[in-house]
Each structure stands twice: as structure tokens, then as C-alpha cells.
Amino acid sequence: IPCAFVVGTTDEGETYIVMEFLRGRDLEHLISSEPPMPWRRAFALALQICDALQAAHARNIIHRDVKPSNCFLIQEGEDGGDLLKLIDFGIAKDLAASGDPTGTGMVLGTPGYIAPELVTGDAAPSALTDVYALGVTLYKLLTHRLPWEGRSHVDVVVSQRHDPPHPIRE
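All values reported here derive from a predicted model rather than from experimental measurement.

K.L.:
With reference to specific residues and values, describe the environment of Pro68.
P.N.:
Its location among the elements puts Pro68 in the loop between β4 (61-62) and β5 (71-75). On the basis of relative accessibility, which here comes to 0%, the residue Pro68 falls in the buried class. A sequence separation of 42 residues divides Pro68 from Thr110, and the C-alpha atoms of the two residues are 11 Å apart. Not counting residues up to four positions away in its chain, the partners in contact with Pro68 are Asp26, Leu27, Glu28, Ile31, Tyr113, Thr137 and Lys140.

Given below as C-alpha cells:
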């Protein structure tokens, strides 16, 4: 997770954060420019995402938008020397905070990475929904596609609920 050096408020009441500057590229760019990733490299990257999520979840924060474009490679190496940071906590939720600024029934995240039970209202956001999105991210690293696809978000959700995912080996 990127380091935040300063958090403050301007005289006009605007909140700001001064964070470390990252050089590199996100996993979505890597996916679009390289062949599907060998499983060992994908596994090593997934472990780093797990570490970031564990740190956030230990503080009762859920990310709610884990996906390749929010996983930023700051170092790349063929021999497992990749170094990744989980970025964009813009729609993260503090589970310990009272109230819900997103409103009842509102689902946040990126279609295809959102756990289907969130969309249908059968569950509330939790650490498990981040783990689901991590699984979809890992699937995309290995296959260059989502486990369920459709012409619309509704098609994807229906497919998630009723169809098996596309087999990875296809």
C-alpha cells in the first residue's frame, strides 16, 4: 500500500493527502501488453495483494475495488522480483465507522469483480468481497479475461449466479 506522508485540510475545507510517487505500471497494462502470466508469477503477485488486503482488513478497512488496474507494479522481475502496491482506496469502507455514506442498497466496485451476493443484496460488503475480487484478478492474470462475461453488467451477474466460470485452461 502506498505511504501517505501528510493528511490535512486546506483553509477552504478541502481534504488532501500527500503520498509517495509511484513509477511503474498497473497489472491491467501488463495484461494488455504481455501473454498470459505463468502461474508462479501470478501466485507471487497474488500473495502481495493478500499482504496488502491483510493490512487493510486488520484495520477494519475493505478496499471494495480490487482489480488489475488497482494493482501497481513498481518493480518487475522475471525471477519473482516483482514488487506490487495495492492502490486506489477511493471507495474503501471503514467497517468500524458508523453510518454508511454510500446509502442503503448502493453497490460500489467494478462490474465483473464485484461478488454476486453484493449485487443481489444477499450480503453486505466485507473482507470476503475483497477476497472474491482478488480471485477474479488472479483469474484475469492467468487467462486475460474475466471468469464470467456478458454484454451488460446484468448479464455478468446472471452468469455468475447460474453458470460455471470459463475453464482456465480454455
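K.L.:
Describe the nonpolar core, listing the residues and the values that go with them.
P.N.:
Counting 21 residues, the largest nonpolar core has Leu27, Ile49 and Leu84 as the members making the most contacts within it. Of all the elements in the fold, those that place two or more residues in this core are α1 (27-33), α2 (39-58), β5, β6 (83-86) and α4 (127-143). Here this core gets six residues from one element, more than from any other, and that element is α2. Setting aside residues no more than four positions away along its own chain, Ile49 makes contact with Val66, Cys71, Leu84, Leu134 and Thr137.

Calculation notes
Residues numbered from 1 in each chain as written. Predicted model: local features only at pLDDT ≥ 70, side-chain atom pairs only at ≥ 80, totals over all residues. Heavy atoms only, no water. Helix = DSSP H or I, 4+ residues; strand = E, 2+ residues; numbered from the N terminus. Buried < 20%, exposed > 50% of the residue type's maximum accessible area, 1.4 Å probe, protein only. Contact = heavy atoms within 4.5 Å. Core = buried A, V, L, I, M, F, W, Y, C linked by side-chain atoms within 4.5 Å.

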